[in-house]
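One-letter residues, chain by chain:
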Amino acid sequence: MAATDTNLQENQGSHESRVFAPSAEFVAKATISGMPAYEKLCAEAAADYEGFWARLARENLDWQKPFTTTLDESDAPFYKWFADGQLNASYNCLDRNLTNGNADKTAIIFEADDGQSTRATYRELHERVCKFANGLRSRGIQKGDRVIIYMSMSIEAVAAMQACARIGATHSVVFGGFSAKSLHERIIDAGAVAVITADEQRRGGKSLPLKAIVDEALALGGCETIRNVIVYQRTGGNIDFTEGLDVWLHELVAKQPAECEPEWVGAEHPLFILYTSGSTGTPKGVQHSTGGYLLWCALTMKWTFDIKPDDVFWCTADIGWVTGHSYITYGPLLVGGTEIVFEGIPTFPNAGRFWDTIAKHKVSIFYTAPTAIRSLIKAADVDPSVHPKNYDLSSLRLLGSVGEPINPEAWMWYYNNVGGGRCPVVDTFWQTETGGHMITPLPGATPMVPGSCTLPLPGIMAAIVDEAGADVANGQGGILVVKRPWPSMIRTIWNNPERFKASYFPDELGGKYYLAGDGAIRNSDTTYFTITGRIDDVLNVSGHRMGTMEIESALVANPLVAEAAVVGRPDETTGESICAFVVLKQARPTGEEAKKLATELRNWVAKEIGPIAKPKEIRFGDNLPKTRSGKIMRRLLRVLAKGETITQDISTLENPAILDQLKEAS
Ligand code: WTA
């Protein structure tokens, strides 16, 4: 395992004792109504694991060719689900809503950055996706090809993903905040044949480049596989256009037929690759299946979000992250829901934007990240006019949280001030690799405890073990694992099956348990899970996942830098923030010089990876704390970053004098 110095000892979980049961009214109408209903599903899974999943897969998805095998473990840990079945993701999201009474129902309400909104019904979205898919086919893009999507939030971005799925092309969405270099890395690793982008994106009243960054990425070389760059005109801003390679989306789709026969693919066909950070090396391309993945998207919409026909669902994530894949592009459409697709940011035109938008569109299910909640708490403290109490939030009936631990204070504020004390809060623990929710309260069943993601969903065999893979007792911290494969799990790391095995099914745990990479603890009384944080060198800043190694590599790529070590430190708003310790090739800078160089390096990291990876603080030293064998002692750096005094054993430290120098900013 990558975990050399884990933080299991640093955090033993919450001691929260407040319990909030869902209201009788909510329970009565819920899809999973009451704990006995939850327990019954768990028992069904325990009694006949494959039968349980097979039943759900038949009930929740439309299969062009029914599957006859459920789980194939013959090549473990490369598990296969429903492998001989055939289906199409876009057909399941769109076509079946044309014949079940949803055709004229609003599928997407697009809320633009400037507050304008437009709508698309299922019929309209189907037509747009079909034309888009035909356009892709007309440019020679076909089943098995990889297509990079580098777009901001729009109906077109959802349509782009759906269009790829319709023709069996595997999409790989790259978050619009990533740099040209990050984009380039992903284009190369995926061996993509096309990029779908927009001229520019709108954020907080500003236009920011997208197409220009694609140009820059392609200019870095080695992208000869890219034969098409398809450009959605969002702002009309000036961009360079290369005849033959670049094509406007509106021109591409103009003459395409409004029907497009879906490409039926095997259930294991890779629907998408999504790059995410690990503790070592470059970002890994998490590969997801079609059948198993879609099953879990649909089911968790029903189970966790309890979605009903007249709900208005809003997930505030970006399609560049897994949350946007599962709970914007696929989940809500699979179940015939109405959803908001939001282009803007929570603080524009002011920090009441979320509450205003909920009131405007009568949102009933709202799903966001703890960082957003914490920053809006602060904003409402500063400017009481943007406090949620000033908005009509009576349409809300369910709240959700995702991406990072939610601290009990933020949970309480969310529950009381946004949910009016009547909406259950589902604190959903999951990962890019898990495809959908894993551990979460069920809103019409589970009594909630602020800060705890409570219990695994039915069929998810989550457990806590020690470093040798043995179960630990409740009340004791350990390593979070999943003991049995489940349908929506990661299939492999694109181009790197060995890394897949080593990262997620390490020999130390017997090669059979899925290793989540998080520490967790179960409460002795309630058996509830609390996630205690990553046990590897992965940081979570504002719910964005980043590897310390990636940031270190970016820093040392700067000609001024000799060595760098990056650690996370707790941050009131963003959960964690990035603190970098840097040794320059020149003498250690101080004062103004240090400030200037720190700014330069922060901007450098933004250019190398993206602005989200900028260290909040950079400290310069003549050296870094190391053991005699030259290993950087990150655990000491974590203490220094927090501004705490080192009380740990430092007998293995080669150069104790360095600690004083790194105590504070130069
Ligand atoms: C963290 C986001 C505590 C965790 C869906 C995990 C959470 C990583 C929660 C995955 C939660 C996510 N409580 N921690 N409810 N949800 N995490 O891949 O450390 O971007 O391993 O997927 O976020 O981040 P990822």
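From a predicted model like this one, the values you see are computed outputs, not experimental measurements. (Residues numbered from 1 in each chain as written. Predicted model: local features only at pLDDT ≥ 70, side-chain atom pairs only at ≥ 80, totals over all residues. Heavy atoms only, no water.)

Asker: Is there a simple way to think about the sheet that holds strand E5 (residues 117-121) in this case?
Answerer: Remark on secondary structure: sheet strands pair via backbone hydrogen bonds, oriented parallel or antiparallel. Here seven strands make up an open sheet; going across it, the order is E5-E4-E17-E16-E18-E19-E20 and the pairing mixed. Looking at strand neighbours, the two that pair on one side only are E5 and strand E20 (425-428), the edges of this open sheet. Here the average twist between neighbouring strands, direction ignored, is 20 degrees. Alignment of strand E4 (residues 106-111) against strand E17 (residues 338-342), held across four bridges, turns out to be parallel. Each bridged residue has a counterpart across the sheet, and for isoleucine 109 the counterpart in E17 is isoleucine 340. On the sheet, helix H5 (residues 122-138) packs against E4 and E5 and is oriented at approximately 85 degrees with respect to E5. (Pairing = 2+ DSSP bridges. Helix = DSSP H or I, 4+ residues; strand = E, 2+ residues; numbered from the N terminus. Axes fitted to C-alpha atoms, helices over the stretch in contact; angles between N-to-C directions. Contact = heavy atoms within 4.5 Å.)

Asker: I keep staring at the nonpolar core and nothing clicks. Help me out?
Answerer: In this structure, Trp53, Ile196, Trp303, Tyr330, Ile551 and Val582 are the most contacted members of the largest nonpolar core, which totals 171 residues. Top contributing element to this core by residue count: helix H6 (residues 155-167), with 10 residues. Both domains that furnish three or more residues to this core are identified here as domain 1 (95-288 + 307-342) and domain 2 (542-662). Counting 34 residues, the second-largest nonpolar core is a separate cluster that includes Val363, Ile373, Ile377 and Tyr391. (Core = buried A, V, L, I, M, F, W, Y, C linked by side-chain atoms within 4.5 Å. Buried < 20%, exposed > 50% of the residue type's maximum accessible area, 1.4 Å probe, protein only. Domains from an automatic or database assignment.)

Asker: What should I look at first to understand the domain arrangement of the chain in this one?
Answerer: Buried accessible area, meaning the area lost when the parts come together, often serves as the stated size of an interface. Domain boundaries in the chain define domain 1 (95-288 + 307-342) and domain 2 (542-662). Each of domain 1 and domain 2 has a C-alpha centre, and the two are 36 Å apart. Of the residues lining the interface, 16 residues belong to domain 1; the matching set on domain 2 comes to 13 residues. Both faces considered, domain 1 and domain 2 share a buried interface measuring about 1,100 Å² in area, 47% of it formed by carbon and sulfur atoms. Area buried by domain 1 at its contact with domain 2 is led by Lys181, Ser277 and Trp321, which between them contribute 35% of it. Run the count over domain 1 and domain 2 and you get two salt bridges. Ionic pairing is found between lysine 181 and glutamate 608, a salt bridge with its closest N-O pair at 3.0 Å. The interface formed by domain 1 and domain 2 contains nine residue pairs in polar contact (both at pLDDT 80 or more). Per-class residue counts for the side of domain 1 that touches domain 2 are four nonpolar, nine polar and three charged. (Buried area = accessible area lost by both parts, 1.4 Å probe. Salt bridge = Lys/Arg side-chain N within 4 Å of Asp/Glu carboxyl O. Polar contact = N/O pair within 3.5 Å; in protein donor to acceptor, adjacent residues only side chain to side chain. Nonpolar A, V, L, I, M, F, W, Y, C, P; charged D, E, K, R; others polar.)

Asker: Would you explain the site of the ligand in this entry?
Answerer: Looking at the ligand, there are 17 residues lining it, with Asp427, Thr428, Thr432, Asp518 and Arg545 nearest. Contact between the ligand and threonine 432: an oxygen atom at 2.6 Å from a side-chain N or O atom of the residue. In this structure, an oxygen atom belonging to the ligand sits 3.2 Å away from a side-chain N or O atom of asparagine 540. When isolated, the ligand has an accessible area of 530 Å², and the protein chains bury 95% of it. For the shell around the ligand, the secondary-structure elements that each account for two or more residues are helix H11 (322-334), E20 and strand E25 (529-534). (Near = heavy atom within 4 Å. Areas by Shrake-Rupley, 256 points an atom, 1.4 Å probe, with all protein chains shown as cover.)

Asker: Hey, could you run me through the UniProt feature "binding site: CoA" (unreviewed entry) in the chain in this one?
Answerer: UniProt's feature table lists "binding site: CoA" (unreviewed entry) at Arg203, Gly204, Gly205, Lys206, Thr323 and Ser542, given in the numbering used throughout. These residues run over 340 residues, and the two farthest C-alpha atoms among them are 24.8 Å apart, placing them at more than one spot. Mapped onto the fold, lysine 206 is located in strand E10 (residues 206-209). Not counting residues up to four positions away in its chain, the partners in contact with lysine 206 are Asp113 and Gln201. Relative to the helices and strands, serine 542 is located in the loop between strand E26 (538-541) and strand E27 (544-547). When sequence neighbours within four positions are dropped, the list of residues in contact with serine 542 reads Thr371, Glu404 and Thr574. (UniProt positions renumbered as here; feature names shortened; annotations may be inferred.)

Asker: Help me out: how do you make sense of the pattern of salt bridges in this one?
Answerer: Side-chain pairs of opposite charge can arise whenever the charged atoms involved come near each other. Counted according to the given criterion, the structure contains 35 salt bridges. A salt bridge links lysine 607 to glutamate 216; the nearest nitrogen and oxygen atoms lie 3.4 Å apart. Pair noted here: lysine 607 is in helix H17 (residues 591-608) and glutamate 216 is in helix H8 (residues 211-219), with a separation of 391 residues, a long-range link. Across the pair aspartate 471 and lysine 483 runs a salt bridge, and its minimum N-O distance is 2.8 Å. Of this pair, aspartate 471 sits in the loop between strand E21 (462-465) and strand E22 (478-482) while lysine 483 sits in the loop between E22 and strand E23 (492-493); the two residues are 12 residues apart in sequence, bridging distant segments of the chain. We classify aspartate 471 as exposed; its relative accessible area is 52%. Linked through salt bridges whose partners overlap, the residues forming this network are Asp306, Lys308, Asp311 and Arg397.

Asker: Before we go on, may I ask you to explain the side chain of glutamate 404 in this structure?
Answerer: The residue glutamate 404 is located in the loop between strand E19 (398-402) and helix H14 (408-418) in this model. Exposure remark for glutamate 404: the relative accessible area of 8% places this residue in the buried category. A distance of 2.6 Å separates a polar atom in the side chain of glutamate 404 from a polar atom in the side chain of threonine 371. When residues no more than four places from it in sequence are discounted, the contact partners of glutamate 404 are Ala369, Pro370, Thr371, Arg374, Asn540, Ser542, Gly543, Thr574 and Gly575.

Asker: Looking at this structure, how should I read H14?
Answerer: Two residues of an α-helix separated by three or four positions point the same way, owing to the 3.6 residues in each turn. Within H14, eight of the 11 residues are buried, which leaves the element mostly enclosed by the surrounding structure. Among all positions in H14, only Pro408, Ala410, Trp411, Met412, Trp413, Tyr414, Tyr415 and Val418 are buried. On its buried side, H14 packs onto helix H12 (353-361), strand E18 (365-368), helix H13 (370-382), E19 and E20.

Asker: It is not clear to me how the packing of helix H2 (residues 35-47) against helix H3 (residues 49-60) should be interpreted in this structure. Could you clarify?
Answerer: The description of two packed helices rests on the angle between their axes and on the distance between the axes. One way to put it is that H2 packs onto H3 with a least axis distance of 5 Å and a crossing angle of 120 degrees. Relative to H3, H2 is oriented oblique. For the pair H2 and H3, the contacting residues are Leu41, Glu44, Ala45 and Ala47 in the first and Tyr49, Phe52 and Arg55 in the second. Of the residues assigned to the contact of H2 with H3, the class counts are five nonpolar, no polar and two charged. (Parallel < 35°, antiparallel > 145°, perpendicular 65-115°, else oblique.)

Asker: Honestly, the side chain of aspartate 113 in this entry has me stumped. Any pointers?
Answerer: Counting through the fold element by element, aspartate 113 comes out in the loop between E4 and E5. No salt bridge is formed by the buried aspartate 113, whose closest oppositely charged neighbour, arginine 202, lies at an N-O distance of 4.5 Å. Polar contacts involving the side chain of aspartate 113 include one to the main-chain amide nitrogen of glycine 204, which spans 2.9 Å. Contacts of aspartate 113, omitting those with residues within four sequence positions, involve Arg202, Arg203, Gly204, Gly205, Lys206, Glu343, Gly344, Ile345, Phe348 and Arg353. (Lys, Arg positive; Asp, Glu negative; His and termini not counted.)

Asker: Mind showing me how you'd approach the UniProt feature "modified residue: N6-acetyllysine" (unreviewed entry) in the chain here?
Answerer: Per the UniProt annotation, the sites labelled "modified residue: N6-acetyllysine" (unreviewed entry) are Lys631. Mapped onto the elements, lysine 631 comes out in the loop between strand E30 (617-620) and helix H18 (634-641).

Asker: I tried to follow a negative patch on the surface on my own but got confused; where do I start?
Answerer: On the surface, a cluster of negative charge is made up of Asp466, Glu467, Asp507 and Glu508. With respect to the element layout, glutamate 508 can be found in the loop between helix H15 (497-504) and strand E24 (514-522). Look at glutamate 508 and you get partly exposed, because its relative accessible area is 41%. (Patch = residues over 30% accessible without salt bridge, like charges linked within 9 Å, V, L, I, M, F, W, Y side chains within 5 Å. Charge placed at Lys NZ, Arg CZ, Asp CG, Glu CD.)

Asker: Hey, could you run me through the pairing of E30 in this one?
Answerer: Sheet faces and side chains relate simply in a regular strand, where the side chains alternate between the two faces. Every second residue of E30 is oriented toward a common face, with Glu617 and Arg619 on one face and Ile618 and Phe620 on the other, all of them buried. Examined bridge by bridge, strand E29 (residues 575-584) and E30 share four bridges and lie parallel to one another. When the sheet's bridge partners are listed, valine 582 is paired in E30 with phenylalanine 620. Handedness of the E29-H17-E30 crossover: right-handed. (Right-handed = clockwise from strand over helix to strand, strands pointing away.)

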